[in-house]
Amino acid sequence: MSQETQVERSSDDEKELIKYAAIFSRVQGTLVQQTPQVSGDQNTETETTAGTSATENKEHRPVTIGDALQATSITAGTKAVDRSDAAAIQAAEVRATGQTNIMPKGLAATAQSAAQINARNTNKDKTTLAHVLSNAKAKLPKDRAVTRQDAEGVMGAELRNNPNITTFPGGVANSVVAAARINQSHSQSSQN
């Protein structure tokens with residue numbers, strides 16, 4: 001890989017993290033002042049009333065699994081729930097709660113039911129990620145900060161259950177991976 005390609009990729013990764021930082025801030029209910037919002041190739045600045053930049057926040061609250069799932073309802077909310085989404089949501093719920101069984105009426109049970117119904121449903125009226133994951137943080141009985149191991153587990157579940165062995169851009173795995181990267185970068189910067 002050429003050095004120019006690495007610089008472009010690094011820039012794209014940074015733009016994606018900035019986008020997710022803004023989404024996680026919104027999910028966490030904090031206001032972010034002058035956080036670049038990435039849309040396409042353009043950066044636009046938006047101002048709000050209080051707070052500091054998400055990347056400069058000294059009192060950073062770690063992004064939780066619930067935050068990442070709820071962010072997915074924003075980034076990929078219109079996507080119909082399929083088997084790979086249900087598996088990723090189950091992996092995330094298990095990691096957040098520490099319970100190995102599926103909770104009745106929990107996020108994983110709802111996602112699995114939606115995926116089964118969507119697979120049989122030929123209509124365009126399918127259950128979406130937004131239906132399942134809206135207010136996800138409140139629906140989890142326990143929640144904790146996302147770690148790299150959580151991201152790997154959720155990513156693996158989504159990949160194993162997708163016939164094309166890919167993840168959906170902005171989907172469950174991508175949101176959890178972004179949350180882990182943000183938590184890791186804040187952890188490293190607070191140690192310096």
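In the block above lies the structure referred to throughout.
Residues numbered from 1 in each chain as written. Predicted model: local features only at pLDDT ≥ 70, side-chain atom pairs only at ≥ 80, totals over all residues. Heavy atoms only, no water.

A few words now on the overall build of the protein. From N to C terminus, the protein includes eight helices and two strands. Reading the secondary structure of the protein in the N-to-C direction produces α-β-β-α-α-α-α-α-α-α. For the protein, buried positions account for 40% of its 192 residues. On the protein, roughly 11000 Å² of surface is accessible, and the fraction owed to carbon and sulfur atoms is 48%. (Helix = DSSP H or I, 4+ residues; strand = E, 2+ residues; numbered from the N terminus. Buried < 20%, exposed > 50% of the residue type's maximum accessible area, 1.4 Å probe, protein only. Areas by Shrake-Rupley, 256 points an atom, 1.4 Å probe, with all protein chains shown as cover.)

Take unusual backbone geometry next. Look at Lys-105: it is not a glycine, yet its phi comes out positive at around 65°. The phi angle at Ile-165 is positive, at roughly 50°, despite the residue not being glycine. The topology assignment puts Ile-165 in the loop between α7 (148-160) and α8 (172-191).

A few words now on the packing of helix α3 (residues 83-97) against α7. At a minimum axis distance of 7 Å, the contact between α3 and α7 shows a crossing angle of 155°. Here α3 is positioned roughly antiparallel relative to α7, judged by the angle of their axes. By crossing handedness, the relation of α3 to α7 is classed as right-handed. In this structure, α3 contributes Ser-84, Ala-87, Ala-88, Ala-91, Ala-92 and Arg-95 to the contact, and α7 contributes Gln-149, Asp-150, Gly-153, Val-154, Ala-157 and Glu-158. Taken together, the residues of the contact of α3 with α7 break down into six nonpolar, three polar and three charged. (Axes fitted to C-alpha atoms, helices over the stretch in contact; angles between N-to-C directions. Parallel < 35°, antiparallel > 145°, perpendicular 65-115°, else oblique. Left-handed = near helix turned anticlockwise from the far one by under 90°. Contact = heavy atoms within 4.5 Å. Nonpolar A, V, L, I, M, F, W, Y, C, P; charged D, E, K, R; others polar.)

If you look at the biggest cluster of nonpolar residues, it comprises 40 residues, and the most contacted ones within it are Phe-24, Leu-69, Ile-89, Leu-133, Val-154 and Val-172. Listed by contribution, the elements that provide at least two residues to this core are α1 (3-28), α2 (65-75), α3, α4 (107-120), α5 (129-133), α7 and α8. Setting aside residues up to four positions removed in sequence, Phe-24 forms contacts with Val-63, Asp-67, Ala-68, Ala-71, Ser-175, Ala-178, Ala-179 and Ile-182. (Core = buried A, V, L, I, M, F, W, Y, C linked by side-chain atoms within 4.5 Å.)

Taken as a whole, this structure holds eight salt bridges when the rule is applied. One salt bridge in this structure joins Arg-61 and Asp-67, with 3.9 Å as the shortest N-O distance. With relative accessibility at 37%, the residue Arg-61 sits in the partly exposed group. For Asp-150, the salt bridge identified is with Arg-95, shortest N-O distance 3.5 Å. Of this pair, Asp-150 sits in helix α7 while Arg-95 sits in helix α3, and the two are 55 residues apart along the sequence. Relative accessible area serves as the criterion here: at 30%, Arg-95 is assigned to the partly exposed category. (Salt bridge = Lys/Arg side-chain N within 4 Å of Asp/Glu carboxyl O.)

A few words now on the packing of α7 against α8. Following both chains from N to C, one finds α7 and α8 inclined at 165°, their axes separated by 9 Å at the closest point. Taken together, the axis directions place α7 and α8 in an arrangement best described as roughly antiparallel. With respect to the hand of their crossing, α7 and α8 are arranged in left-handed fashion. Here Arg-148, Asp-150, Ala-151, Val-154, Met-155 and Glu-158 of α7 come into contact with α8, specifically with Val-172, Ala-173, Asn-174, Val-176, Val-177 and Ala-180.

Following the sequence through the fold, Ala-86 ends up in helix α3. Since its relative accessible area comes to 5%, Ala-86 is described here as buried. C-alpha separation for the pair Ala-86 and Ala-111, spaced 25 residues apart in sequence, amounts to 4.8 Å.

End to end, α7 covers 18 Å across 13 residues, agreeing with the expected 18 Å (1.5 Å per residue, within 8%). All buried positions along α7 are accounted for by Asp-150, Ala-151, Gly-153, Val-154, Gly-156, Ala-157 and Glu-158. (Expected span 1.5 Å × (residues − 1).)

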